[in-house]
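Chains, contacts and geometry: an overview
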Amino acid sequence: RCAAFGMSSLQTLHKQCPSLFQTHWSIENPGEHEKEKLTPNAVFGPKGPPAGQYYVSSILQKDDAALKKFFAKVPFAEAPLLKKAKATHDDGVWLFVGSNPAAKTPSAGAKPAGKRKREEPPSAALRGRPEHTDAVDHSGTWHVQLQGNKTWFV
């Protein structure tokens, strides 16, 4: 199920339930975009996600029908290890979506990838939320990352 979940799943859910994304929308890092233009519709709407760097989030909650659709698409609705431990958590989803495409211009760090071709240099790390501690009234949070890389400091 992991391979079946992605931006198209989120776009479908946004089309069906746009207010689910809007209520707790946050721009963690606008990257190359103006904050005012980086709306849920700009990221999940019919034109598709914007090109370039950005990092946004939303807390999806308080819409049982929409959350049921979301949980039907993700690889699992409850972390198997936590289920065994009988940990409690609410049904809110902290959704983070970002884009940090490879740099488009060659740099000194670009490596040859064969005759006449150069490997695209990686982008610099895109900063996420400032360091913080979440206040939660349950056993904690768990995370599923479906694509890309992220560095966590715990």
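Residues numbered from 1 in each chain as written. Predicted model: local features only at pLDDT ≥ 70, side-chain atom pairs only at ≥ 80, totals over all residues. Heavy atoms only, no water.

**Considering helix H4 (residues 64–73)**
Along H4, the positions that sit buried rather than exposed are Ala66, Leu67 and Phe70. Down the axis, H4 shows its buried residues gathered within 95° of arc, on one side only. Turned more than 90 degrees from where H4 packs its buried face, Asp64, Ala65, Lys68 and Ala72 sit exposed. Residues of H4 that are buried sit in contact with helix H1 (7–16), helix H2 (18–22), strand E2 (54–60) and strand E3 (93–99). (Buried < 20%, exposed > 50% of the residue type's maximum accessible area, 1.4 Å probe, protein only. Helix = DSSP H or I, 4+ residues; strand = E, 2+ residues; numbered from the N terminus. Arc of directions from axis to C-beta. Contact = heavy atoms within 4.5 Å.)

**What to know about the sheet that holds E3**
Overall, antiparallel pairing links the 3 strands, which are arranged E1-E2-E3 in an open sheet. Looking along the sheet, the strands with just one partner apiece sit at the ends: strand E1 (26–29) and E3. Recorded for the sheet is a direction-independent mean angle of 25° between the axes of neighbouring strands. Bridge count for E1 against E2 is 3 bridges, and the pairing is antiparallel. Paired with Ile27 across the two strands is Val56, which belongs to E2. (Pairing = 2+ DSSP bridges. Axes fitted to C-alpha atoms, helices over the stretch in contact; angles between N-to-C directions.)

**Considerations on the confidence of the model for the chain**
Scored by pLDDT, the chain has a mean of 79; 81% of the residues are at 70 or more. Looking at the elements of the chain, mean pLDDT is at its lowest for helix H5 (residues 80–85), recorded as 77, and at its highest for helix H3 (residues 40–44), recorded as 96. Here residues 105–112 is modelled with pLDDT under 50, and outside its nearest four sequence neighbours on either side it reaches 11 contacts, counting other chains as well. (pLDDT = per-residue confidence, 0-100.)

**Quick look at unusual backbone geometry**
Unusually for a residue other than glycine, Lys62 sits at a positive phi of about 60°. Mapping Lys62 onto the fold places it in the loop between E2 and H4. Take Lys62: its relative accessible area is 77%, and that puts it in the exposed class.

**Some details on the pattern of salt bridges**
Inspection of the entire model under this criterion finds 1 salt bridge. Salt-bridge contacts for Lys37 lead to Glu34; the nearest nitrogen and oxygen are separated by 3.7 Å. Its relative accessible area of 57% is what places Lys37 among the exposed residues. Under the relative-accessibility criterion, Glu34 is labelled partly exposed at 47%. (Salt bridge = Lys/Arg side-chain N within 4 Å of Asp/Glu carboxyl O.)

**Describing H1**
Taken residue by residue, H1 has Ser9, Leu10, Leu13 and His14 as its buried positions. Down the axis of H1, the sector holding all buried residues measures 135°, keeping them to one side. Here the buried face of H1 lies against H2, H3, H4 and E3.

**Quick notes on the packing of H1 against H4**
How two helices pack is summed up by the angle between their axes together with the distance between the axes. At a minimum axis distance of 11 Å, the contact between H1 and H4 shows a crossing angle of 170°. One element, H1, and the other, H4, form an angle in the roughly antiparallel class. On the side of H1, the interface is formed by Ser9, Leu10, Leu13 and Gln16, while H4 contributes Ala66, Lys69, Phe70 and Lys73. Broken down by class, the residue content of the contact of H1 with H4 amounts to 4 nonpolar, 2 polar and 2 charged. (Parallel < 35°, antiparallel > 145°, perpendicular 65-115°, else oblique. Nonpolar A, V, L, I, M, F, W, Y, C, P; charged D, E, K, R; others polar.)

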